[in-house]
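# Commentary on secondary and tertiary structure
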Amino acid sequence: MKKLLKLLTISIILFCPKMKKENSEEYYTKLRERMVKEQIEARGIKDQRILKAMREVKRHLFVPEAFREESYNDYPLPIGEGQTISQPFIVALMTYLLEPETSDKVLEIGTGSGYQAAVLSLLVKEVYTIEIIEKLAKEAEKRLKELGYHNIKVKWGDGFEGWQEYAPFDKIIITCALPYIPKPLKEQLKEGGKIVAPMEKDGIQVLSLFTKEKGELIEKVCDYVRFVPMRGRIEVEPEEK
Ligand code: SAH
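A short tour of the structure in this document, coming up.

In the region of the ligand, 26 residues are neighbours, and Ser113, Glu131, Asp158, Gly159 and Arg231 sit closest. Contacts to the ligand include Glu108, whose side-chain N or O atom sits 3.2 Å from a nitrogen atom. Within the side chain of Thr175, one N or O atom sits 3.2 Å away from a nitrogen atom of the ligand. Protein contact buries 99% of the 580 Å² of open area that the ligand shows by itself. Counting only elements with at least two residues in the shell around the ligand, the list comes to β2 (83–85), β3 (105–109), α6 (115–121) and β4 (126–131). The class makeup of the residues in the shell around the ligand is eleven nonpolar, eleven polar and four charged.

Set out below in structure tokens:
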């Protein structure tokens, strides 16, 4: 009986390709290579450091199990609580626009799954990331710790306020759409620093790159995008004060 069971298990593993596929890191490495080549490199992002980081981070471990098979596809995916993990190309593009340097201290608003933070953490010195939904913040913190990302700090809170304790930051990345850059974020950015953010105006979203020059933010619009909206204090203060 025992022998029969063993034989049955072996044949299931051997003859069920889906099971084999899902359990194999090699399989996901191949999908990741293809994602970088076809979705990122082919669209003009050639920075070798960024491509290497995107090849390294195991995106399938940042999405709910039901979506693992789709995790390297060319679109965003649900991560629970009505939120999404961005399309791989958008993660690469925002990272590229930030021009990450190994000495940088970066603040992220909108931790979500923690994927963008993980990619950045391989390119900069430290990443500080804030998430407004407690469940997502706690899950991302646990995931990042388990995967060995030691230069990322996660905080559950409203990103509107920034993270004064660790300011000033060289760069800020905002991964939820907002009508203007909140004052605390502008103040916590170093002179000469950059902010990448999806800006929402009259229902249209654009990806903007800001540079802080003489204390003011100079905006350059880069692309059209689709992000979930920023929540919290920005909803009661939709206009700049
Ligand atoms: N960067 C994420 C995807 C972000 S989705 C990733 O790599 O997976 C946008 C996230 O912003 C959502 O998780 C949402 O809950 C969060 N968010 C919305 N408003 C916020 C706020 N005021 N402060 C911090 N996070 C916020």
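Next comes the rest of the account.
It is at 9 Å that the axes of helix α3 (residues 25–41) and helix α4 (residues 48–56) come closest, and there the two elements cross at 140°. With respect to α4, the element α3 is oriented oblique. Here α3 runs over α4; the crossing is right-handed. When α3 is examined against α4, the residues Arg32, Glu33, Met35, Val36, Ile40 and Glu41 are found in contact with a partner set consisting of Leu51, Met54, Arg55 and Glu56.

Among the six residues in β4, five count as buried, and that is most of the element. When β3 meets β4, the two strands line up parallel, connected through five bridges. Residue pairing for β4: Ile109 is matched across the bridge by Ile130. Of the crossover connections in this fold, the one passing from β3 over α6 to the parallel β4 is right-handed.

Ordered by their spatial adjacency, seven strands build an open sheet running β5-β4-β3-β6-β7-β8-β9, and the pairing between neighbours is mixed. Each of the sheet's edge strands pairs with one partner strand only, and the pair in question is β5 (152–156) and β9 (216–224). Adjacent strand axes in the sheet meet at a mean angle of 20° when their direction is disregarded. Note: β3 against strand β6 (residues 169–174), four bridges, orientation parallel. Within β6, the residue paired with Glu108 across the bridge is Ile173.

Okay, the packing of α3 against helix α5 (residues 88–98) next. Axis separation between α3 and α5 bottoms out at 9 Å; the angle between their running directions is 65°. The orientation of α3 with respect to α5, classified from their angle, is roughly perpendicular. Read as a crossing pair, α3 and α5 show a hand that is right-handed. Here Met35, Gln39 and Ile40 of α3 lie close against α5, whose contacting residues are Pro88, Phe89 and Ala92. Looking at the contact of α3 with α5, its residues break down into five nonpolar, one polar and no charged.

Another aspect to go through is the nonpolar core. Counting 48 residues, the largest nonpolar core has Ile45, Met54, Phe62 and Tyr115 as the members making the most contacts within it. Counting only elements with at least two residues in this core, the list comes to α3, α4, β1 (77–80), α5, α6, α7 (134–146), β5 and β8 (204–213). If you tally residues by element for this core, the top one is α5, at eight residues.

Here the focus is the pattern of salt bridges. For the structure on display, the rule yields 16 salt bridges. Here Glu56 makes a salt bridge to Lys52, at a shortest N to O gap of 3.6 Å. A residue pair is termed a helical-turn pair when its members lie 3 or 4 positions apart in one helix, as Glu56 and Lys52 do in helix α4 at four residues. The salt bridge partner of Lys171 is Asp104, with a shortest N-O separation of 2.6 Å. Residue Lys171 is located in strand β6, and its partner Asp104 is located in the loop between α5 and β3; the two are separated by 67 residues in the primary sequence. As far as burial versus exposure is concerned, Lys171 and Asp104 are alike and both buried. One connected set of salt bridges, linked through shared partners, spans Glu81, Lys135 and Glu139.

Cut-off values and rules
All residue numbers refer to positions counted from 1 along the written sequence of the respective chain. Thresholds applied to this predicted model are a pLDDT of at least 70 for local features of residues and 80 or more for the giving and counting of side-chain atom pairs; totals over whole chains, interfaces and linings are not thresholded and use all residues. With hydrogens and water set aside, each side-chain value is computed from the structure's full complement of heavy atoms. Any residue with at least one heavy atom within 4 Å of a molecule or strand is counted as near it. We define a polar contact as two N or O atoms separated by no more than 3.5 Å, with the added condition that, inside protein, one atom must be a possible hydrogen donor and the other a possible acceptor, whereas residues neighbouring each other in sequence contribute only through side-chain atom pairs. In these tables, accessible area is a Shrake-Rupley quantity obtained with a 1.4 Å probe, and a residue counts as shielded only by the protein chains included in the view. Numbered from the N terminus, helices here are DSSP runs of H or I no shorter than four residues, and strands are runs of E no shorter than two. The nonpolar class holds Ala, Val, Leu, Ile, Met, Phe, Trp, Tyr, Cys and Pro. Asp, Glu, Lys and Arg form the charged class, and all remaining residues, Gly among them, are polar. Throughout, an axis means a line fitted to C-alpha atoms (over the contacting stretch in the case of helices), and angles, computed between N-to-C directions, take values from 0 to 180 degrees. Note on angle classes: values under 35 degrees are labelled roughly parallel, values over 145 roughly antiparallel, values of 65 to 115 roughly perpendicular, and the remainder oblique. Helix crossings fall into two classes, left-handed where the near helix is turned counterclockwise from the far one by less than a right angle and right-handed where it is turned clockwise. By definition in these notes, contact holds between two residues if any of their heavy atoms fall within 4.5 Å. Relative accessible area decides the class of each residue, using a 1.4 Å probe on protein chains only: under 20% of the type maximum gives buried, over 50% gives exposed, and in between gives partly exposed. In this analysis, strands are considered paired if DSSP registers two or more bridges between them. Classification remark: right-handed applies to a crossover when, strands pointing away from the viewer, the course from the first strand over the helix to the second runs clockwise. Among buried residues, those of type Ala, Val, Leu, Ile, Met, Phe, Trp, Tyr and Cys that are joined through side-chain atoms within 4.5 Å constitute a nonpolar core. Salt bridges, as used here, are contacts in which a Lys or Arg side-chain nitrogen is within 4 Å of a carboxyl oxygen on Asp or Glu.

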